[in-house]
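Single-letter residue listing:
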Amino acid sequence: MKTAVRYRVGLLILLLLLAGVVALIVGKLFPPKPKETPDPHAGQVYIYDGFDWVWMTPLEGIPAATLTREDFSEINGHLTYMGSKYTTIRGVDVSEHQYEVDWDQVAASGVDFAMIRVGRRGYSEGGLFEDPWFQRNIEGALRNGLKVGVYFFSQAVNVQEAMQEARFVLDRIAGYDVTLPVVFDWEKVEGAENARTNDWNSATLSDCAVAFCETVKRAGYTPGLYFNRHLGYYGFDLTRMGDYVWWFALPEMGYPSFYYEVDMWQYSFDETVPGISGQADMNMIFYPAE
């Protein structure tokens, strides 16, 4: 009896050993699939925001940019678009900082358009001021056959101020042939402790931009928005700005290095343009090719 029990125990042990060997062989031949770790950046893109490389979730409904560095080349001293998706025109933007502009020379140099500052809001006390060269600039540019758009340097801190700025602009451009955008140019004043806009936030800034642009649109003009990379990514809620022209400022990359598609690109702060003393800002407008 004891012999039979020992036999059965021995057989059981042998079977267990065989099962372990089989399991080991099967595990070697058919190892289990490792657990897939979810990608923490699924659906995101890796972009440079002007300060660092960061992961960003693209905004829904906003077209991604198609322009690349290879689309541009230097020809006869001018940055030139070489692609086929757009037709382009070149232009300057001017304010009182350029002093007197010889628009005859500017037009003769091959410049197609001008973006002219109408005025500004003071960053400390908030007064509205017309650019002292606005009238001479817009009349000189139009007289020489240039297409003209305008911009206002905003420091609005609420919707009421943004609408006031838009009306200030509309009053001054009435009677002029402004066919290019009327642009809301809000910028953070760096290093000014008494700037009214130091406590800005994205929601209020976006509300101000929409208020300005909608006021302009109701008056029959094309509204636009000026921004750099940081304001584009972190300042304005671009999902609310799809109906406006986007004027993007980034001179140093050789192409408009922004994740989303833009309409106008400020590509230089230090261009030499006949008729403008000192350094000039240069811009390019992109029109989809037919």
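In what follows, the structure referred to is the one given above.
The sections below set out a description of the structure shown in this document.

Criteria and thresholds
- Residues numbered from 1 in each chain as written.
- Predicted model: local features only at pLDDT ≥ 70, side-chain atom pairs only at ≥ 80, totals over all residues.
- Heavy atoms only, no water.
- Helix = DSSP H or I, 4+ residues; strand = E, 2+ residues; numbered from the N terminus.
- Buried < 20%, exposed > 50% of the residue type's maximum accessible area, 1.4 Å probe, protein only.
- Contact = heavy atoms within 4.5 Å.
- Areas by Shrake-Rupley, 256 points an atom, 1.4 Å probe, with all protein chains shown as cover.
- Core = buried A, V, L, I, M, F, W, Y, C linked by side-chain atoms within 4.5 Å.
- Patch = residues over 30% accessible without salt bridge, like charges linked within 9 Å, V, L, I, M, F, W, Y side chains within 5 Å.
- Salt bridge = Lys/Arg side-chain N within 4 Å of Asp/Glu carboxyl O.
- Pairing = 2+ DSSP bridges.
- Polar contact = N/O pair within 3.5 Å; in protein donor to acceptor, adjacent residues only side chain to side chain.

Considerations on the overall build of the protein
Here comes step 1: Within the protein, the secondary structure is distributed over 6 helices and 13 strands.
Here comes step 2: Looking at the 290 residues of the protein, the share that counts as buried comes to 42%.
Here comes step 3: Intrachain contacts of the protein at a sequence separation of at least 6 include 63% that bridge at least 24 residues.
Here comes step 4: Accessible surface, the protein as shown: approximately 16000 Å² in total, 55% of it carbon and sulfur.

A few points about the nonpolar core
Here comes step 1: Counting 68 residues, the largest nonpolar core has Val150, Ile173, Phe212 and Phe236 as its most contacted members.
Here comes step 2: When residues in this core are grouped by element, the largest group, 8 residues, is from helix H5 (residues 202-218).
Here comes step 3: Apart from residues no more than four positions distant in its own chain, Phe236 is found in contact with Phe184, Trp186, Ser202, Leu205, Ser206, Ala209, Leu225, Tyr226, Phe227, Leu231 and Met241.
Here comes step 4: Ranked by size, the runner-up nonpolar core spans 11 residues in total, among them Tyr151, Leu180, Val183 and Ala249.

Thoughts on a nonpolar patch on the surface
Here comes step 1: Taken together, the side chains of Tyr46, Trp53 and Trp55 present a nonpolar region at the surface, about 380 Å² in accessible area.
Here comes step 2: In this fold, Tyr46 is placed in strand S1 (residues 45-48).

Focus on the pairing of strand S3 (residues 72-75)
Here comes step 1: Both S3 and strand S4 (residues 78-81) contribute to a ladder of 4 bridges, which runs antiparallel. Paired with Phe72 across the bridge in S4 is Tyr81.
Here comes step 2: Here S3 hands over to S4 after 2 residues, with Asn76 in that stretch at a positive phi of 50°.

As for the side chain of Gln266
Here comes step 1: Looking at the secondary structure, you find Gln266 in strand S12 (residues 264-271).
Here comes step 2: Only 3.4 Å separates the side chain of Gln266 from the side chain of Asp281, close enough to count as a polar contact.
Here comes step 3: For Gln266, the contacting residues outside a window of four places in its chain are Asp93, Tyr226, Trp247, Phe248, Ala249, Leu250, Pro251, Asp281, Met282 and Asn283.

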